[in-house]
Amino acid sequence: ALVAELEGGAHVVARLQPSETPWEGYRTHPGLWAWKAVMAVHSISTMELAVCRIYSYVRSDGGVRWGTINFLFVAEIVGNAVRVVYVLVDPFFTQGLLPRQASVSL
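Residues numbered from 1 in each chain as written. Predicted model: local features only at pLDDT ≥ 70, side-chain atom pairs only at ≥ 80, totals over all residues. Heavy atoms only, no water.

### With respect to the overall build of the protein
If you tally the helices and strands in the protein, you get five helices and zero strands. Counting from the amino terminus, the protein carries its helices and strands in the arrangement α-α-α-α-α. Contacts spanning at least 24 positions in sequence make up 49% of the contacts within the protein whose residues lie at least 6 apart. Accessible area for the protein stands at about 8,500 Å²; split by element, carbon and sulfur atoms hold 65% of it. (Helix = DSSP H or I, 4+ residues; strand = E, 2+ residues; numbered from the N terminus. Contact = heavy atoms within 4.5 Å. Areas by Shrake-Rupley, 256 points an atom, 1.4 Å probe, with all protein chains shown as cover.)

### Brief notes about the confidence of the model for the protein
Predicted confidence across the protein gives a mean pLDDT of 81, with 85% of residues reaching 70 or more. Of all secondary-structure elements in the protein, the lowest mean pLDDT belongs to helix H5 (residues 100-105), at 66, while helix H3 (residues 30-61) reaches the highest, 87. (pLDDT = per-residue confidence, 0-100.)

### Topic: the packing of H3 against helix H4 (residues 68-89)
Relative to each other, H3 and H4 sit at 160°, their axes nearing to 9 Å. Relative to H4, the element H3 lies roughly antiparallel. Taken as a pair, H3 and H4 cross one another with a handedness that is left-handed. Counting all contacts with H3, which are made through Lys36, Met39, Ala40, Ser43, Ile44, Thr46, Met47, Ala50, Val51, Arg53, Ile54 and Tyr57, the residues of H4 involved are Ile69, Asn70, Phe73, Val74, Glu76, Ile77, Asn80, Ala81, Arg83, Val84, Val87 and Leu88. Here the contact of H3 with H4 is built from residues that sort into 16 nonpolar, four polar and four charged. (Axes fitted to C-alpha atoms, helices over the stretch in contact; angles between N-to-C directions. Parallel < 35°, antiparallel > 145°, perpendicular 65-115°, else oblique. Left-handed = near helix turned anticlockwise from the far one by under 90°. Nonpolar A, V, L, I, M, F, W, Y, C, P; charged D, E, K, R; others polar.)

### Considerations on H4
A rise of 1.5 Å per residue sets the reference length of H4, with its 22 residues, at 32 Å; its end C-alpha atoms lie 32 Å apart and thus fit the reference within 8%. Buried within H4 are the following residues: Asn70, Phe73, Asn80, Val84, Tyr86 and Val87. (Expected span 1.5 Å × (residues − 1). Buried < 20%, exposed > 50% of the residue type's maximum accessible area, 1.4 Å probe, protein only.)

### What about the side chain of asparagine 70?
Structurally, asparagine 70 can be placed in helix H4. A residue is classified by how much of its surface remains accessible, and asparagine 70, at 4% relative accessible area, is buried. Those residues within four positions of asparagine 70 in sequence are excluded, and the remaining contacts are Ile54, Tyr57 and Arg65.

### Some thoughts on a nonpolar patch on the surface
Among the surface-exposed residues, Val64, Trp66, Phe71, Val74, Val78 and Val82 lie close enough to one another that they form a single nonpolar patch of about 570 Å² accessible area. As for its placement among the helices and strands, phenylalanine 71 is situated in helix H4. Judged by its relative accessible area of 53%, phenylalanine 71 falls in the exposed class. (Patch = residues over 30% accessible without salt bridge, like charges linked within 9 Å, V, L, I, M, F, W, Y side chains within 5 Å. Salt bridge = Lys/Arg side-chain N within 4 Å of Asp/Glu carboxyl O.)

### Observations concerning H3
In a regular helix each residue adds 1.5 Å, so 32 residues correspond to 46 Å; H3 covers 47 Å between its end C-alpha atoms and thus fits that length. When we look at burial in H3, the residues that qualify are Leu32, Lys36, Met39, Ala40, Ser43, Thr46, Met47, Ala50 and Ile54. On its buried face, H3 is in contact with helix H2 (24-27) and H4. Backbone geometry just downstream of H3 places glycine 62 in the positive-phi region, at approximately 80°.

Structural data, given as structure tokens:
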């Protein structure tokens, strides 16, 4: 019906008004902030454990020896560092600080 009216030359006047999202309560809930803290502490403790294991392998081998296990620990450290930054900055795209592509990537 609207398309036919427009094709007939009718003028349309639209009024835009903001609407409240039902998700706003979840985005500002203290539980989300608690979850952010839990995820950040978990990621930091995982990074610490990986650093300690790399250090123990370096001490037991008498120096740095880059094997598969050390690369895996480094990947764990890098992955958790990205997670910590993302959780602290913009978890689950709740605050809208990052663009959508960056949010999906992280």
